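# Descriptive structure summary
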Amino acid sequence: MDRNSIIGFVLLLALGAGYIFWSNHEQKLYQEQKYADSMALAATRKPVTPQQQIAGTPADSLRAIDTTLPPAYRGAATLVNLSNGELNLQFSTKGGYPVQANFDSFKTSAGAPLAYFKGNGNKLSFNIPVNGKTVATDQLYFTPEITALPDGGKQLRMTATVAPGQNIVLDYALPRRGYMMTASLRLQGLQKDLGAIQSIPMSWNTEALHTEKDLKNERMNMQVHYRHMDGEHDYFTISRTGQKSMDKPLQWLSVRSHFFNSTIIADKGFKTGNFDGKEPADSNIVATNSSVFAIPVTASNDYAFDFKWYMGPNDYKVLKSYNVGLEEMIPLGFGLFFFVKYISKWMIIPLFDFLSQYISSFGLIIICLTLLIRLLLSFFTYKSYLSSAKMRVLKPELDELRAKYGDNQQQMGMEQMKLYRTAGVNPLGGCLPMLLQMPFLLAVYYFIPTAIQLRQSKFLWSNDLSTYDSVLNLGFNIPFYGDHVSLFTLLMTASSLFLAIYNKNMTAGAGGDMGNNAMLKYMPYIMPIMFLGWFNSMAAGLTFYYTFSNLISILQQFIIQKFFINEEAIHRKIQENRNKPAGTSKWQQRLEQMQKAQADKTKTKK
């Protein structure tokens, strides 16, 4: 690997490493002070409780007149179960919304049944105009009715009678299998009240529970994703952005943890939306969500607002099957490296799914995936090593030029380019193949930590490839390292250092005198040490991938140099090129012109 290759590769690696580190580890202090008007939509109509509806009635006398109230204003809260074997929901008859969501196919990191949310902090409420007043549906009592659907699914109908001939109905339907629940809000006999308003505020509160091994990593990955009706997708991290207003019509909004999400999708869209969330002091809760949406309204005696509610895993294939862009919430590449997500979508994920059909161990799948990627990139690897071999052959002549021109860098550069041109050597021949391999390395970097298939998948000493492997818990925290020791990360660091040492002789013989550049000289050894702290808390599947990839690089380099590169043949080829009429590319011509102009300018100054 010649000096130009080393410089280009190190700078590219430093740029990529620096950007990823910044995008993954930059954490801002959350603003504890809430906005006083963050619930502006809900505040436009002040909800009243059923007790407040009865003007002048003392609280102590309510029990005496309970039987005279409509059914929606009296009753007892009970739980109703709706399940299909994958998604298990508990609904409260007070409010008519799910208060608990369990994913039966998954367990928490502690091995307990996985509840994504649970408790009174979770609700879905609509502010409905009823006879000139505003009623919050979370204060009403609903009558439940479960029926079987023709496709094998189940439907839960929750009905609240607020006055004779006036009903608020919430329908929820679960398919036979899957995590997408269809739902609707129906308002019967309220045409007069609906004609006086333009929208209905809908409040959605969620308390996402701690389910993974690393709470800090969970909170770093706790995000809100949303999609506008025009197809534009955006997101923000709750720890960095506590409040957000979305003034354009929304198609859906999702509260997404590392491996699961809860998403409400409006069939005809929301007019606007506001989000308010935080990371609570309670370590059992990752983050809270308080969202308010404006639902468009048309006056009707049987008004319906249809929506869907996804509660389930962040499985790319599953999310993509709904054709509403939910798969975009899986971070396969963003920011400066947004383009690598297409490599994951078009190559990495299909390969991973294909291998999963025949191999049950995800550790072995990572091995096979690594081999296939390295095989695909072997042509570029060969070109890089071939360029380094050519530079080694030219080293004696380059040394002569350095001795002849000394500190005259301008003249040295011109003569060096002339030498490359006559020998038929491209000075960027070692850098460009490296550059072409970087997107694939970054694609895997983004894909593996987000692959839910690796969650709680065991391999070797790791009990969960989706989080760090810990062979020793230190009991104290080391700055920039952590409170544990990851063996895969140690092996990755050791193999990276060995690869750097293995490359040292080849680099030194390629004409790249790095002795005068301390940074360039020691960077290949400093970077693995930096990665030791960076990757210590990352997914074991990722550090295992890089460890195995390093071992393949060492073996690949040995085989190519031993059996495919003949420096004597390269030397003969260079001599043949010199005997041919020298052609100059436009790029070389421009570079030589720039160097000559700079040299002339230097002479003029003197």
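For the structure itself, consult the block above.
Note that the structure is predicted; figures quoted are calculated from it, not measured.

### Looking at the overall build of the chain
Within the chain one finds 17 helices and 21 strands. Counting over 606 residues, the chain shows a buried share of 51%. Sequence-distant contacts in the chain: of pairs separated by 6 or more residues, those separated by 24 or more amount to 68%. Carbon and sulfur atoms form 56% of the exposed surface of the chain, whose accessible area is close to 28900 Å².

### A closer look at the pairing of strand β12 (residues 223-228)
By the criterion of burial, β12 is predominantly enclosed, with five of the six residues buried. Here β12 runs beside strand β13 (residues 233-237); their pairing, made up of five bridges, is antiparallel. Paired with Y226 across the strands is D234, a residue of β13. Here β12 folds back onto β13 in antiparallel fashion, the turn holding four residues, of which G231 has a positive phi close to 95°. Bridge count between β12 and strand β15 (residues 250-256): six bridges; the pairing is antiparallel. Counted as the bridge partner of H228 is L250 from β15.

### Concerning the packing of helix α10 (residues 378-405) against helix α15 (residues 540-564)
Running from amino to carboxyl end, α10 crosses α15 at an angle of 60°, the nearest separation of the two axes being 11 Å. Overall, the two elements α10 and α15 adopt an arrangement that is oblique. For the pair α10 and α15, the crossing hand works out as right-handed. For the pair α10 and α15, contact is made by S378, T381, Y382 and Y385 and by S553, Q556, Q557, I560 and F564, respectively. Residue classes in the contact of α10 with α15 are distributed as four nonpolar, five polar and no charged.

### Things to note about the pattern of salt bridges
Inspection of every chain in the model, using the stated rule, returns ten salt bridges. K308 is the partner of D267 in a salt bridge, and the nearest nitrogen-oxygen pair spans 3.3 Å. In this pair, D267 sits in strand β16 (residues 260-270) while K308 sits in strand β19 (residues 302-313), placing the two residues 41 residues apart along the sequence.

### Quick look at helix α11 (residues 409-423)
Between the first and last C-alpha of α11 there are 21 Å, a value that for 15 residues agrees with the 21 Å anticipated at 1.5 Å per step. Among all positions in α11, only M412, G413, E415, Q416, M417, L419, Y420, R421 and A423 are buried.

### Points about the side chain of R186
With respect to the secondary-structure elements, R186 resides in strand β10 (residues 180-188). Among the polar contacts listed, one links the side chain of R186 to the side chain of D302, at a separation of 2.7 Å.

### What about the side chain of R219?
Positionally, R219 belongs in helix α6 (residues 215-220). Here R219 occupies a buried position and makes no salt bridge, while the nearest side chain of opposite charge, E279, is found at 4.5 Å. In contact with R219, not counting residues within four places along its chain, are T237, S239, E279, P280, D282, S283, I285 and V286.

### Description of a nonpolar patch on the surface
Taken together, the side chains of L460, W461, V471, L472 and L491 make up a nonpolar region of the molecular surface, amounting to roughly 460 Å² of accessible area. Its place among the elements puts V471 in the loop between α12 (431-450) and β20 (472-478). The exposure class of V471 is partly exposed, given its relative accessible area of 46%.

### A closer look at the sheet that holds β10
An order of β7-β8-β9-β10-β19-β16-β15-β12-β13 is seen for the nine strands of this open sheet, with the pairing classed as antiparallel. Looking at strand neighbours, the two that pair on one side only are β7 (143-148) and β13, the edges of this open sheet. Strand-to-strand twist across the sheet, computed as the mean angle between neighbouring axes with direction ignored, equals 15°.

### Let's talk about the environment of S125
In this structure, S125 sits in strand β5 (residues 123-130). Separated by 80 residues in sequence, S125 and N205 place their C-alpha atoms 8.8 Å apart. When near neighbours in sequence (up to four residues on either side) are disregarded, S125 contacts A136, T137, D138, P201, M202 and S203. A polar side-chain atom of S125 sits 3.5 Å from a polar atom in the side chain of T137. One polar contact links S125 to D138, side chain to side chain, over a distance of 3.0 Å.

### Digging into the packing of helix α9 (residues 362-376) against α15
One can describe the packing of α9 onto α15 by two numbers: an axis separation of 10 Å at closest approach and a directional angle of 40°. Relative to α15, the element α9 lies oblique. In the packing of α9 onto α15, the handedness of the crossing is right-handed. Packed against α9, whose contacting residues are G363, I366, I367, T370, L371, I373 and R374, the element α15 presents G541, F544, Y545, F548, S549, I552, S553 and Q556 at the interface. In terms of residue class, the contact of α9 with α15 is made up of eight nonpolar, six polar and one charged.

What counts and how
Residues numbered from 1 in each chain as written. Predicted model: local features only at pLDDT ≥ 70, side-chain atom pairs only at ≥ 80, totals over all residues. Heavy atoms only, no water. Helix = DSSP H or I, 4+ residues; strand = E, 2+ residues; numbered from the N terminus. Buried < 20%, exposed > 50% of the residue type's maximum accessible area, 1.4 Å probe, protein only. Contact = heavy atoms within 4.5 Å. Areas by Shrake-Rupley, 256 points an atom, 1.4 Å probe, with all protein chains shown as cover. Pairing = 2+ DSSP bridges. Axes fitted to C-alpha atoms, helices over the stretch in contact; angles between N-to-C directions. Parallel < 35°, antiparallel > 145°, perpendicular 65-115°, else oblique. Left-handed = near helix turned anticlockwise from the far one by under 90°. Nonpolar A, V, L, I, M, F, W, Y, C, P; charged D, E, K, R; others polar. Salt bridge = Lys/Arg side-chain N within 4 Å of Asp/Glu carboxyl O. Expected span 1.5 Å × (residues − 1). Polar contact = N/O pair within 3.5 Å; in protein donor to acceptor, adjacent residues only side chain to side chain. Lys, Arg positive; Asp, Glu negative; His and termini not counted. Patch = residues over 30% accessible without salt bridge, like charges linked within 9 Å, V, L, I, M, F, W, Y side chains within 5 Å.

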